[in-house]
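# Architecture at a glance
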Amino acid sequence: TGDQGTGTRDQGVSTETRSLSPETRSPFPVSCFTDFEQGDLLAVAPDGGFTKTSQPYQKHLLGVAKYLKETNIYRPAVFGTFKLKVSTENGPIKIGDPLTSSSLPGVAMKATKATQIIGYALEDFDASSVGQIKIFINPSYWAPEKEEERDGLQRLTLQEGEDGQLVLVDSQDK
């Protein structure tokens, strides 16, 4: 098959190369390109391919499933504007809201805590069922601006204690 690769490990760095699959012209296995729908939220799979997201605040978000009629396969759209499946699991979505994975497979929701996001909403969404909205795809890490919304670790500061030792102090305990 066209998805076989070779490689070595040198000082912990992989030098693996993958030949391109003739069916998909991609280093991903052919099995990566099926069982998706247009707009599914995708993450990196354990085998190095991609899969639908399967849990809230999932790591390794990759892109949005895009159907290519000429090859009859799905590929991840990884940057730009595209339609994404969304839900209101974390409340209504407003333009500019960061989006992450939800508990529904392949469906995004508004991010409300520090996490990896797939991008930002370019349309509002407030329906009781799953729908699609246009987003700006830009996989990145996002954290809320308001301190009370931040992850607990972001409130911690390193200070010198009375005995000269460094200690972590929660800014809310002051």
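Residues numbered from 1 in each chain as written. Predicted model: local features only at pLDDT ≥ 70, side-chain atom pairs only at ≥ 80, totals over all residues. Heavy atoms only, no water.

### What to know about the pattern of salt bridges
Within this structure, the stated rule accounts for 4 salt bridges. With its nearest N and O atoms 2.8 Å apart, the salt bridge here joins Asp 40 to Lys 85. One end of the pair, Asp 40, is in the loop between strand 4 (17-18) and strand 5 (41-44); the other, Lys 85, is in strand 9 (residues 80-86), with 45 residues separating them in the sequence. Of the charged contacts in the structure, one is a salt bridge between Glu 123 and Lys 83, with a shortest N-O distance of 3.6 Å. You can see Glu 123 sitting in the loop between strand 12 (115-121) and strand 13 (131-142) and its partner Lys 83 sitting in strand 9, a full 40 residues away along the chain. Overlapping salt bridges, with partners in common, bring together Glu 37, Asp 40, Lys 52 and Lys 85 in one network. (Salt bridge = Lys/Arg side-chain N within 4 Å of Asp/Glu carboxyl O. Helix = DSSP H or I, 4+ residues; strand = E, 2+ residues; numbered from the N terminus.)

### A word on the nonpolar core
Ranked by size, the top nonpolar core spans 17 residues in total, and within it Leu 84, Leu 99, Ile 118, Ile 133 and Ile 135 carry the most contacts. Only strand 5, strand 7 (61-68), strand 9, strand 12 and strand 13 provide two or more residues apiece to this core. Excluding residues that lie within four positions of it along the chain, Leu 84 makes contacts with Gly 39, Asp 40, Leu 41, Val 64, Leu 99, Ala 108, Ile 118, Gly 131, Gln 132, Ile 133 and Ile 135. In this structure, Phe 36, Leu 42, Phe 50 and Tyr 74 belong to the second largest nonpolar core, which totals 6 residues. (Core = buried A, V, L, I, M, F, W, Y, C linked by side-chain atoms within 4.5 Å. Buried < 20%, exposed > 50% of the residue type's maximum accessible area, 1.4 Å probe, protein only. Contact = heavy atoms within 4.5 Å.)

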